[in-house]
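Topology and contacts: notes
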Amino acid sequence: MRGPLFTRIYLFALCMLYFLSSSAQDLPIDPHATSETVALYRHLHAIGNTGYLVGHQDDLAYGYDWKYQEGRSDIHDVTGDYPALYGWELGRIELDHAVNLDSVPFDRMRSYIREAYRRGGVITISWHLNNPLTGGTAWQPAPGTVASILPGGERNTLYKTWLDKVAAYLQSLKDEHDRPIPVILRLFHELNGSWFWWGGRNCTPGELKELWHFTVAYLRDEKGLHNLLFAFNTDRFASKEAYLERYPGDEWVDITGFDIYQRGGNAAFLEEFKRTLTLLEEIAGERHKIPALTEFGYNGLPDSAWWTSVLSPALQDHHLAYIMAWRNAGRNQQGQSEFYVPYKGQSSAGDFIKFYKDKKTLFQKDIAGGKLYRQN
Ligand code: BMA
């Protein structure tokens, strides 16, 4: 029989092994991530067991029929509470414009980000960057664009100057103690579709992966940004193989997500949505990544009970960290309207309040006091 010393050494080794493996898994891909970023990462990993953060793009900047009113938010107008997560967009920062492609001034955006963070909210940022080869928009693909910005390509230097501008902006996001605000960066989103120059058939999977590696390494290692979590996000997808076709590798991604919009009837949407959520959770589970619904919406919300009869039942048996509704752009000059959360008086507003009261939906009041940014 072995003596007590052996038992103690054995138990100690077991504890160390457990500690090392669980803590290694519970860290973002950036080994130098700030303590607030690590805390956010760990909370996002765990939160899906309790509920999911509810977010909204451009929430504080404008709503269905208003712009830039201090403290206003369509979600707040309807529920009396703010979202827990806020999406923002950097498109046109690469051109030195003062306002982004959806007319939000970058200076105001910085203030909104600080305000949301002060309340304990989570920030995620996308970037519809122009086509660096042709000068067209993000929606104007051209053959060879991705190859042109990779190292050795004719536009690599230009692309680096664009990343420098993004880095400077991300660097400028500081709280009142001058600490960097953690940001979930949603690079090259919807990358399995072909509508953006970086997506689908506009480049090879190998080129996209190389672009991802180059971009993450440049921001993190060259520019020294350590307040970032990196979200990999496709559009709707049909199989794990399809999702992973362009996946850059576990050491390059913190969060795995997808975007989905309802455009037809409830039954078909629900069926596809649930199937896709199951696939996403399997992928995230196998790779120990955080699953999230990075964009969703049903434009115009024509079904007044959509929140409690479609969205929340679909999410009920899943464990996403967060979901983000797209922007309430309002009416454009052609009279077409675009909105994804109800404004006061909209027909689904009452149902949204029920959704708000569901204990799985987490809004600002559920994450107050900066608790997502403190390690337990
Ligand atoms: C699209 C629409 C556009 C917007 C673009 C980038 O889905 O909302 O109006 O310009 O996203 O944010």
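A quick note: this is a predicted structure, and the numbers were derived from the prediction, not measured. Numbering of residues begins from 1 in every chain and follows the order in which that chain's sequence is written. With pLDDT at 70 or above as the cut-off, local features in this predicted model cover only qualifying residues; side-chain atom pairs require 80 or more to be listed or tallied, and sums for whole chains, interfaces and linings still use all residues. For side-chain calculations, the full set of non-hydrogen atoms in the structure is used, while hydrogens and water are omitted.

1. Focus on the pattern of salt bridges
When a carboxyl oxygen of Asp or Glu is within 4 Å of a side-chain nitrogen of Lys or Arg, the pair counts as a salt bridge. Enumeration over the complete set of coordinates arrives at 17 salt bridges. For E115, the salt bridge goes to R119, with nearest N and O atoms at 3.3 Å. An identical accessibility class is assigned to E115 and R119; each is buried. For R236, the salt bridge identified is with E272, shortest N-O distance 2.9 Å. Placement of R236 in the loop between β7 (228-234) and α8 (240-244) and of E272 in helix α9 (residues 266-287) is noted, with a sequence separation of 36 residues between them. Salt bridges sharing common partners tie together R186, D259 and E295. Accessible area is worked out with a 1.4 Å probe on protein chains only. A residue is then buried under 20% of its type maximum, exposed over 50%, and partly exposed in between. Runs of E in the DSSP output that reach at least two residues are strands. Runs of H or I that reach at least four are helices, and both are numbered from the N terminus.

2. Description of the packing of aromatic side chains
Under the pairing criterion, centres of Phe, Tyr and Trp rings, with the six-membered ring standing for Trp, must be within 6.5 Å; the plane angle then separates stacked pairs below 30 degrees from edge-to-face pairs above 60, leaving the rest tilted. As enumerated under the stated definition, the model contains 30 aromatic pairs in all. Considering the side-chain rings of F232 and Y243, the 5.3 Å spacing of their centres and the 75 degrees angle between planes classify their relative orientation as edge-to-face. With F232 in strand β7 and Y243 in helix α8, this residue pair connects regions lying eleven residues apart in the sequence. Classification of F232 by relative accessible area gives buried; the value is 0%. Ring geometry for Y356 and F363: centres 4.7 Å apart, planes at 70 degrees, overall edge-to-face. F363 shares its class with Y356; the two are buried. Definition used: whenever NZ (Lys) or CZ (Arg) falls within 6 Å of the ring centre and also within 35 degrees of the ring normal, the charge is taken to sit over that ring. Stacked on the ring of Y62, the Lys or Arg K67 has its end atom at 5.1 Å from the ring centre. A cation sits over an aromatic face here: R108 above Y68, 4.3 Å from the ring centre.

3. Observations concerning the layout of surface pockets
Only protein atoms enter the 1 Å grid, on which a cavity is a set of points fitting a 1.4 Å probe that cannot get out and a pocket is an open set with protein on both sides within 12 Å along at least 5 of 7 lines, lining residues being those with an atom within 4 Å of a point. Grid points are joined across faces, edges and corners, and a volume is the space filled by probe spheres set on the points. When its volume is computed, the largest pocket comes out at roughly 390 Å³. Around the largest pocket, the lining is made up of 20 residues, and of these Y261, E295, W326, E338 and Y340 lie nearest the centre. Note that Gly is not counted as nonpolar here; it falls among the polar residues with everything else outside the nonpolar set of Ala, Val, Leu, Ile, Met, Phe, Trp, Tyr, Cys and Pro and the charged set of Asp, Glu, Lys and Arg. Grouping the amino acids of the lining of the largest pocket by side-chain chemistry returns seven nonpolar, five polar and eight charged. Along the walls of the second largest pocket sit 13 residues, with Y62, K67, D102, R327 and A329 positioned nearest its centre.

4. Some details on the pairing of β7
Counting buried positions over the seven residues of β7 gives seven, a clear majority of the element. Burial along β7 is two-sided: the residues L228, F230, F232 and T234 and L229, A231 and N233 are all buried. Relative to β7, strand β6 (residues 183-186) is paired through four bridges, and the arrangement is parallel. Bridged to L185 within β7 is F230. Taken together, β6, helix α7 (residues 205-222) and β7 constitute a β-α-β crossover, and its handedness is right-handed. Only strands that DSSP links by at least two bridges are regarded as paired with each other. Direction of pairing for β7 relative to strand β8 (residues 255-261): parallel, over a ladder of four bridges. Paired with T234 across the strands is F258, a residue of β8. Here the term right-handed applies to a crossover when the path leading from its first strand over the helix to its second strand runs clockwise, the strands being oriented away from the viewer.

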